[in-house]
Amino acid sequence: MPLSGKYSWTGARRPTIFAEDWRDGRGVWARTGWKRLLALELSAFGFFGLFWGCFAVLLADLSGALGLSPGPLGVALLVGAGASIAAMGALGWTSDRLGRRAYLIGAAVAFGAGIAGLALSGSYAALLATLVVLYSFSGLYDVGINAVAVDLERISGRRFMSYLHAAFSGGA
């Protein structure tokens, strides 16, 4: 079912991660490729959960290395969460505009830069900047993988969202 009305705009491409052939009206991926997409989505959600599970475990070491008490660490995490909410609200629509593949590649690369930035955070100011980047692009990556999950359900005609989120929990 194509997007229309208030959820789309004139000239917007149909949201999908793979190129589709529309000769039969449903696309080639509607018959065969959704299983490959399901495997990619399970790994994307699993990686996301793995990162956040590891981050939660290593947070105590990070705060100890920077000499942070719970108060400043809580403020830093709050600033990161606020940046994530702002980024998702401001840029979540680009998933439809750019296409799922380009959006996810960009969000994953920037999310990876945020992960690498954690290792380079030697001061509280650097940690704040890193958490803003990390949380912002984590939120955008989350929007992207959930948008692809919705497309997967639409293409396959099956319900997978709970399994995909279970993969996140399994990764954590």
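About the cut-offs
- Residues numbered from 1 in each chain as written.
- Predicted model: local features only at pLDDT ≥ 70, side-chain atom pairs only at ≥ 80, totals over all residues.
- Heavy atoms only, no water.
- Salt bridge = Lys/Arg side-chain N within 4 Å of Asp/Glu carboxyl O.
- Helix = DSSP H or I, 4+ residues; strand = E, 2+ residues; numbered from the N terminus.
- Buried < 20%, exposed > 50% of the residue type's maximum accessible area, 1.4 Å probe, protein only.
- Expected span 1.5 Å × (residues − 1).
- Patch = residues over 30% accessible without salt bridge, like charges linked within 9 Å, V, L, I, M, F, W, Y side chains within 5 Å.
- Areas by Shrake-Rupley, 256 points an atom, 1.4 Å probe, with all protein chains shown as cover.
- Polar contact = N/O pair within 3.5 Å; in protein donor to acceptor, adjacent residues only side chain to side chain.
- Contact = heavy atoms within 4.5 Å.
- Axes fitted to C-alpha atoms, helices over the stretch in contact; angles between N-to-C directions.
- Parallel < 35°, antiparallel > 145°, perpendicular 65-115°, else oblique.
- Left-handed = near helix turned anticlockwise from the far one by under 90°.
- Nonpolar A, V, L, I, M, F, W, Y, C, P; charged D, E, K, R; others polar.
- Core = buried A, V, L, I, M, F, W, Y, C linked by side-chain atoms within 4.5 Å.
- Phe/Tyr/Trp six-rings, centres within 6.5 Å; stacked < 30°, edge-to-face > 60°.
- Arc of directions from axis to C-beta.

### Points about the pattern of salt bridges
Then, in step 1: A complete count under the given rule lists four salt bridges for this structure.
Then, in step 2: Ionic pairing is found between Asp151 and Arg154, a salt bridge with its closest N-O pair at 3.4 Å. Remark: Arg154 and Asp151 occur in helix 5 (residues 124-156); sequence separation between them is three residues, near one turn of the helix.
Then, in step 3: The exposure class of Arg154 is partly exposed, given its relative accessible area of 27%.

### Description of helix 5
Then, in step 1: Between its terminal C-alpha atoms helix 5 stretches 47 Å, which fits the 48 Å expected from 33 residues at 1.5 Å a residue.
Then, in step 2: One or two steps after helix 5, the chain reaches Gly157, where phi turns positive at roughly 75°.

### Re a nonpolar patch on the surface
Then, in step 1: Taken together, the side chains of Val75, Val79 and Val132 make up a nonpolar region of the molecular surface, amounting to roughly 190 Å² of accessible area.
Then, in step 2: If you trace the backbone, Val75 turns up in helix 2 (residues 70-91).
Then, in step 3: On the basis of relative accessibility, which here comes to 44%, the residue Val75 falls in the partly exposed class.

### Notes on the side chain of Ser121
Then, in step 1: Tracing the backbone shows Ser121 in the loop between helix 4 (100-120) and helix 5.
Then, in step 2: A distance of 3.0 Å separates the side chain of Ser121 from the side chain of Thr130, its partner in a polar contact.
Then, in step 3: Apart from residues no more than four positions distant in its own chain, Ser121 is found in contact with Leu66, Ala126, Leu127 and Thr130.

### Looking at the packing of helix 1 (residues 34-66) against helix 4
Then, in step 1: At a minimum axis distance of 12 Å, the contact between helix 1 and helix 4 shows a crossing angle of 20°. As summarised for this structure, helix 1 and helix 4 are arranged roughly parallel, according to the angle between their axes. The two elements helix 1 and helix 4 cross, and the hand of that crossing is left-handed. The segment helix 1 lies against helix 4, with Phe47, Phe48, Phe51, Trp52, Phe55 and Leu62 engaging Phe111, Ile115 and Leu118.
Then, in step 2: In terms of residue class, the contact of helix 1 with helix 4 is built from nine nonpolar, no polar and no charged.

### Looking at the nonpolar core
Then, in step 1: Formed by 35 residues in total, the largest nonpolar core has its most connected members in Phe55, Leu118, Leu127, Leu131, Leu134 and Tyr141.
Then, in step 2: Secondary-structure elements contributing two or more residues to this core are helix 1, helix 2, helix 4, helix 5 and helix 6 (161-171).
Then, in step 3: Among the elements that take part in this core, helix 1 stands out by supplying twelve residues, more than any other.
Then, in step 4: In this structure Leu127 touches Leu62, Leu66, Leu68, Ala76, Leu118 and Ser121, once residues within four positions along its chain are discounted.

### So, the packing of aromatic side chains
Then, in step 1: Taken as a whole and judged by the stated rule, the model has 13 aromatic pairs.
Then, in step 2: With a centroid separation of 5.2 Å and 85° between ring planes, the pair formed by Trp52 and Phe55 is classed as edge-to-face. With a gap of three residues between them, Trp52 and Phe55 both fall in helix 1, about one helical turn apart. No difference in accessibility class separates Trp52 from Phe55, as the two residues are buried.
Then, in step 3: A connected cluster of aromatic rings, assembled from ring pairs, spans Phe47, Phe48, Phe51, Trp52, Phe55, Phe111, Tyr135, Tyr141 and Phe168.

### Thoughts on helix 2
Then, in step 1: Under the 1.5 Å per step criterion, the end-to-end length of helix 2 is 31 Å for 22 residues, consistent within 8% with the ideal 32 Å.
Then, in step 2: Residues Leu73, Ala76, Gly80, Ala83, Ser84 and Ala87 constitute the buried set of helix 2. Down the axis of helix 2, the buried set is contained in an arc of 105°. They therefore lie on one face. Along helix 2, exposed side chains directed more than 90 degrees from the buried face belong to Pro70, Leu78, Ile85 and Gly89.
Then, in step 3: Where helix 2 is buried, its residues meet helix 1 and helix 5.

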